Amino acid sequence: MSSTSPGASPQDMQERAAIDRSVRFPVMFFFTSAAAWLFAATILGMVAALKLRVPTLWDACPWLSFGRIFPAHMDALIYGWAMQAGLGIMIWMMARLSRVELRNATYIIVLGHVWNFGVALGVLAVWSGFGNSRTWLDFPSMLWPMLAATYVLIVVTILVMFRVRRDGPVFISEEYLVAAAVWFPWVYVTANLILGAKGSAVMSAGVTVWYMQNLLYFWFIPIAVAIAYYIIPKVVGRPIYSYPLAKFGFWTLAICAGWMGFQRFYGGPFPAWMPAVGGASTIFALIGITAIAVNLFYTMQGKFSLMQFSPSLRFSLFGMAMLLLFAVLSALKSFIGISKYLQFNLFELGLDTLAIYGVFSMAAFGAIYFIVPRITGCEWPHGGWIRRHFWFSTYGILTVLVGMFAAGLSQGASLDAWDTPFEVSVKVAKPWIVALVLGWVFIAFSNLGFFWQLALMFVGKGRRSEGPTLIHVAPGEAASAEQAANVAKGTAHA
Amino acid sequence: MSEPGQNMNLDYQTEGARVSTIHHAVRREHAEPEAGDEPVRFGWLLIGAALLIAGGGVLGTYSGGFSQDQTYAFAYYTGAGPRPPGANGDDGSAKGPWIDVWMAEGKKVYGNCVACHQASGSGMAGQFPPLVGSEYVDGGTKRLAAILHKGLTGPITVGGQSYNTPNLMPAWNTLSDEKLAQVATYIRRSFGKLPEGESGVVTTEMMKSAREEFSGLPSPLPTSELAKLDPAAHLPGAQVDLETGDPLGAAPAEGEEKKVP
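Residues numbered from 1 in each chain as written. Chains lettered and ligands numbered in written order. Predicted model: local features only at pLDDT ≥ 70, side-chain atom pairs only at ≥ 80, totals over all residues. Heavy atoms only, no water.

Enquirer: Help me understand the overall build of chain A, please; the structure alone is not making it clear to me.
Expert: When helices and strands are counted, chain A shows 15 helices and zero strands. The 494 residues of chain A split such that 63% are buried. Relative to all contacts within chain A whose residues are 6 or more apart in sequence, the contacts with residues 24 or more apart total 84%. As displayed, chain A offers around 16300 Å² of accessible surface, 71% of which is attributable to carbon and sulfur atoms. (Helix = DSSP H or I, 4+ residues; strand = E, 2+ residues; numbered from the N terminus. Buried < 20%, exposed > 50% of the residue type's maximum accessible area, 1.4 Å probe, protein only. Contact = heavy atoms within 4.5 Å. Areas by Shrake-Rupley, 256 points an atom, 1.4 Å probe, with all protein chains shown as cover.)

Enquirer: When you look at the overall build of chain B in this model, what are you seeing that I'm missing?
Expert: Scanning chain B from terminus to terminus reveals nine helices and four strands. Going through the 261 residues of chain B one by one, you find that 43% of them count as buried. Pairs at least 24 apart in sequence give 60% of the contacts found in chain B among residues at least 6 apart. Here chain B has roughly 13400 Å² of accessible surface; of this, 56% comes from carbon and sulfur atoms.

Enquirer: Help me understand the confidence of the model for chain B in this model?
Expert: Low-pLDDT stretches of the model should not have their predicted coordinates read in fine detail. Residues and elements named next belong to chain B. Per-chain confidence: chain B averages 78 in pLDDT, with 77% of residues scoring 70 or above. Least confident of the elements in chain B is helix H1 (residues 24-27), whose mean pLDDT is 74; most confident is helix H7 (residues 177-191), at 93. Counted against residues more than four places away or in other chains, residues 251-261, with its pLDDT under 50, gives 15 contacts. Scoring of the predicted complex yields 0.70 for pTM and 0.82 for ipTM. (pLDDT = per-residue confidence, 0-100.)

Enquirer: When you look at the packing of aromatic side chains in this model, what are you seeing that I'm missing?
Expert: Within a pair of aromatic rings, the relevant descriptors are the distance that separates the centres and the angle that separates the planes. All names here are of chain A. Scanning the entire structure with this criterion turns up 56 aromatic pairs over all chains. Centre to centre, the rings of Phe 184 and Tyr 188 are 5.0 Å apart; their planes meet at 20°, and the pair counts as stacked. Here the residue Phe 184 and the residue Tyr 188 both occupy positions in helix H5 (residues 172-196), the gap between them amounting to four residues, near one helical turn. The positively charged end of Arg 68 is found above the aromatic ring belonging to Trp 63, 5.6 Å away from the centroid. (Phe/Tyr/Trp six-rings, centres within 6.5 Å; stacked < 30°, edge-to-face > 60°. Lys NZ or Arg CZ within 6 Å of the ring centre and 35° of its normal.)

Enquirer: So what exactly am I meant to see when it comes to the packing of helix H6 (residues 201-236) of chain A against helix H9 (residues 311-332) of chain A here?
Expert: Angle between the axes and distance between the axes: these two values describe a pair of packed helices. Residue and element names in this part refer to chain A. Contact geometry of H6 with H9 gives a least axis separation of 9 Å together with a crossing angle of 140°. Of the possible angle classes, the one that applies to H6 and H9 is oblique. When you trace H6 past H9, the crossing you get is left-handed. Touching Leu 216, Tyr 217, Ile 221, Ala 224, Val 225, Ile 227, Ala 228, Ile 231, Ile 232, Val 235 and Val 236 of H6 are Ser 312, Leu 313, Ser 316, Leu 317, Met 320, Leu 323, Phe 326, Ala 327 and Ser 330, all from H9. (Axes fitted to C-alpha atoms, helices over the stretch in contact; angles between N-to-C directions. Parallel < 35°, antiparallel > 145°, perpendicular 65-115°, else oblique. Left-handed = near helix turned anticlockwise from the far one by under 90°.)

Enquirer: Looking at this model, I keep getting lost on helix H1 (residues 10-53) of chain A. Mind explaining?
Expert: Given 3.6 residues to a turn, an α-helix orients residues that are three or four positions apart in the same direction. Where H1 of chain A bends most, at Arg 24 of chain A, the angle is about 55°, and the proline Pro 26 of chain A comes one to four residues later. Extensive coverage of H1 of chain A is indicated by the burial of 31 of its 44 residues. (Bend = angle between axes of the 7 residues up to and from the residue.)

Enquirer: What am I meant to see in helix H3 (residues 98-110) of chain B here?
Expert: Residues and elements named next belong to chain B. Along its 13 residues, H3 runs 18 Å from first to last C-alpha, staying within 8% of the 18 Å computed at 1.5 Å per residue. In terms of burial, H3 is a largely internal element, ten of the 13 residues being buried. Among all positions of H3, only Trp 98, Ile 99, Val 101, Trp 102, Met 103, Ala 104, Glu 105, Gly 106, Val 109 and Tyr 110 are buried. (Expected span 1.5 Å × (residues − 1).)

Enquirer: I tried to follow the nonpolar core on my own but got confused; where do I start?
Expert: One broad rule of soluble globular proteins: the nonpolar side chains tend to lie buried together. Ranked by size, the top nonpolar core spans 183 residues in total, and within it Tyr 79, Trp 81, Tyr 211 and Trp 219 of chain A carry the most contacts. Per-element accounting of this core gives the leading share, 24 residues, to H6 of chain A. (Core = buried A, V, L, I, M, F, W, Y, C linked by side-chain atoms within 4.5 Å.)

Enquirer: Looking at this model, I keep getting lost on the packing of helix H2 (residues 66-98) of chain A against H6 of chain A. Mind explaining?
Expert: All names here are of chain A. It is the contact of H2 with H6, at a shortest axis distance of 11 Å, that shows an interaxial angle of 40°. Our classification of the angle between H2 and H6 gives oblique. Crossing angle aside, the handedness with which H2 passes H6 is left-handed. Every residue of H6 that contacts H2 at Ile 78, Tyr 79, Ala 82, Met 83, Gly 86, Leu 87, Ile 89, Met 90, Trp 92, Met 93, Arg 96 and Leu 97 is listed here: Tyr 211, Leu 215, Trp 219, Phe 220, Ile 223, Ala 226, Ile 227, Tyr 230 and Lys 234. Each residue belonging to the contact of H2 with H6 can be placed in one class, and the counts come to 18 nonpolar, one polar and two charged. (Nonpolar A, V, L, I, M, F, W, Y, C, P; charged D, E, K, R; others polar.)

Enquirer: Please clarify how the side chain of Thr 290 of chain A should be interpreted in this entry.
Expert: Tracing the backbone shows Thr 290 of chain A in helix H8 (residues 273-300). The class for Thr 290 of chain A is buried, based on a relative accessible area of 11%. Those residues in contact with Thr 290 of chain A that sit more than four places away from it in its chain are Leu 324 of chain A together with Trp 44 and Ile 47 of chain B.

Enquirer: Please explain the state of the cysteines as it appears in this structure.
Expert: Covalently bonding the sulfur atom of one cysteine to the sulfur atom of another cysteine gives a disulfide. All names here are of chain B. In this structure the tally under the stated criterion is zero disulfides over all chains. Unpaired in terms of disulfides, Cys 116 finds its nearest cysteine sulfur in Cys 113, a separation of 8.5 Å. Residue class for Cys 116 comes out partly exposed when judged on its relative accessible area of 27%. (Disulfide = S-S within 2.5 Å.)

Enquirer: Is there a simple way to think about the confidence of the model for chain A in this case?
Expert: All names here are of chain A. On average, residues of chain A score 89 in pLDDT, and 94% of them reach the 70 mark or higher. Contacts of residues 1-6 to residues separated by more than four positions or lying in other chains number 15 contacts, the stretch itself having pLDDT below 50. Every residue in residues 474-483 is under pLDDT 50, and counting partners more than four places away or in other chains gives eight contacts.

Enquirer: How do you make sense of the environment of Thr 32 of chain A when you look at a structure like this?
Expert: Residues and elements named next belong to chain A. Tracing the sequence through the fold places Thr 32 in helix H1. In this structure Thr 32 comes out as buried when scored by relative accessible area, which is 14%. Between the C-alpha atoms of Thr 32 and Phe 458, which are 426 residues apart in sequence, the distance is 7.9 Å. Of note is the side chain of Thr 32, whose polar atom sits 2.7 Å from the backbone oxygen of Met 28. (Polar contact = N/O pair within 3.5 Å; in protein donor to acceptor, adjacent residues only side chain to side chain.)

Enquirer: In this structure, what is going on with the environment of Asp 167 of chain A? I would like to understand it.
Expert: Mapped onto the elements, Asp 167 of chain A comes out in the loop between helix H4 (144-163) and H5. For the pair Asp 167 of chain A and Ser 98 of chain A, spaced 69 residues apart in sequence, the C-alpha separation works out to 8.5 Å.

Enquirer: For this particular structure, what's the right way to read the pattern of salt bridges?
Expert: Working definition: two side chains of opposite charge can pair if their charged atoms are close together. Enumeration over the complete set of coordinates arrives at 18 salt bridges over all chains. Residues Lys 427 of chain A and Glu 423 of chain A are paired through a salt bridge, measuring 3.2 Å at the closest nitrogen-oxygen approach. Highlighted residues: Lys 427 of chain A and Glu 423 of chain A, both in helix H13 (residues 422-429), separated by four residues, approximately one helical turn. Looking at Glu 423 of chain A, the relative accessible area reads 51%, which means it is exposed. When the shortest N-O distance is used, the salt bridge between Lys 228 of chain B and Glu 225 of chain B registers 3.2 Å. Look at Glu 225 of chain B and you get partly exposed, because its relative accessible area is 26%. A single network of salt bridges, built from pairs that share partners, joins Arg 16, Asp 20, Arg 96, Lys 234 and Arg 374 of chain A together with Glu 29 and Glu 32 of chain B. (Salt bridge = Lys/Arg side-chain N within 4 Å of Asp/Glu carboxyl O.)

In structure tokens, the structure reads:
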């Protein structure tokens, strides 16, 4: 079964192979260490959720207290897993789209070690009680210049690749990647500088939410969208439906995102316009997100059945569906009548988890399922594991979301009733926290197969085969054997 | 964290790839993606316009005219709130009737009393006299103010039941006149059987006059001293409009003070 795709000339293939070869070590380095951090983060996440449900558990051990475990979990998830997976994807995709080989692989690997070292120090510090209790910026303050510098030095290579790209139209994913590359340092450094300036405590709470919202809209979401814009045409073999629409979506996000954040503090001790501007730009940003969704929908139209087979397509499209859900929920929360019940409570945790896991991580898994076979030269060992990875991740994130929605709503309603003691608002949410525990158990379980497969691929023990590993190809499992064969032949690419 | 070694057993260990050695995944791949040029959909423009209007609405209604002094331009809590007028930089105009706020504050201050008189005001048999059905509560406000400012000790008969216990009623003169006025209003309106037409409201101004008037009395006040006060005498001070909290007319003259409130 020789499966050469129409339109791919031998020169094309050679070029792609050369590019893949040039980036394989740094990209695999980022993927494997990201996966290791994801493992740590899921374990910490389960323990944190359990502690929230049963606060007296392991009372005597400060290392297992919620106040340390939870931030350690979030930081490992964000800076360990998500940022590194994102960097690996950025490097590979930028090299492919600019059609240039990476020249300084060793340089990136060294910096990758520095990044890992910094994150490990930070997580350990938070875990041993030296965090500074600012959500997502908990690392001791001497660490941030190092992390920022390392990140900048890494993305410089990505920007250089973009600079020396082969002539031709710039693809929309490249725009997102360049933007994400430069936005993160801006957001990260700004937030840390302001926090370091020892302003008022109220303002530092404001800066923290500004940072959180911008990390989501300026880094996680752009990369997830870049992945979808790349993977979908790759797999279905069609161009993106509309470039003008894609551009419009990009610029809407670029313009709106920086204003967000304070809408998490409606009624808070800030000048009223701050949350108002945050809320309005969250709603405006939804315009951009719907543009992306419409664009992807028309690109996919008539080809949705391919999601049955291609893991990359399934994961990245699911990520985009979750993006739409996330953006709609965020926009709804920008109305005071609604946010009154949903702010300052567990629902925010559900929403953040949705963005990091449901949107970004799922899209990143899609990209990883696409990239790793190309750079390691073997196929994923088992489609069934990929299928379980998908379903249990889906169960996990939806359980967390629904549970935290219910918890937040009951908490919010009791917070809103001024004659109810605060204690009650904690008690009513408690039963729902089981969903957080369950969700993280599902996610941890789903990722076991992913870790195992990635490890096999890493040591070169993947499947040696001409065909891709599809989700439904084991004998008797294919929805239609003929269809699966077609997919494997070239209409779809895992 | 992984160490990239040369023995990773990856493909492409040799330089210079020939097509035959290129991995299948790369071979079967489509060309790098491009973007089409379809026009923007009209239906989507409608969604966009709707969102634009919604966002503008949020900005307009919530931003408080972009003033740096406006903490929030809207009543975040819209029901009859516990917030006293003037709190948190708003003028209290949209807070519901004044009396509701006054009573809610009074209920909070009454938190000081529940240990002895109970939340229901029923007291505790043989130990703490009730406020419900007590002539000290719904009678003249002068006597009530004296009890609150000075405390009380000695045998007392409340609602036909006599209490002669070593328990004493502590003085509450550490509370502000406003708080005492609020709690007095609260117990009078909630527990007392007020005569027809009486609002039961005690104002800050009235409480203030009581503090001055009774400053010479001993504390805790013996019931024998209390008995010397006119049981029906009211504190001087203007009655207020229950909707707005503004004084009604001029303060009653000296001789009239017993008639109202």
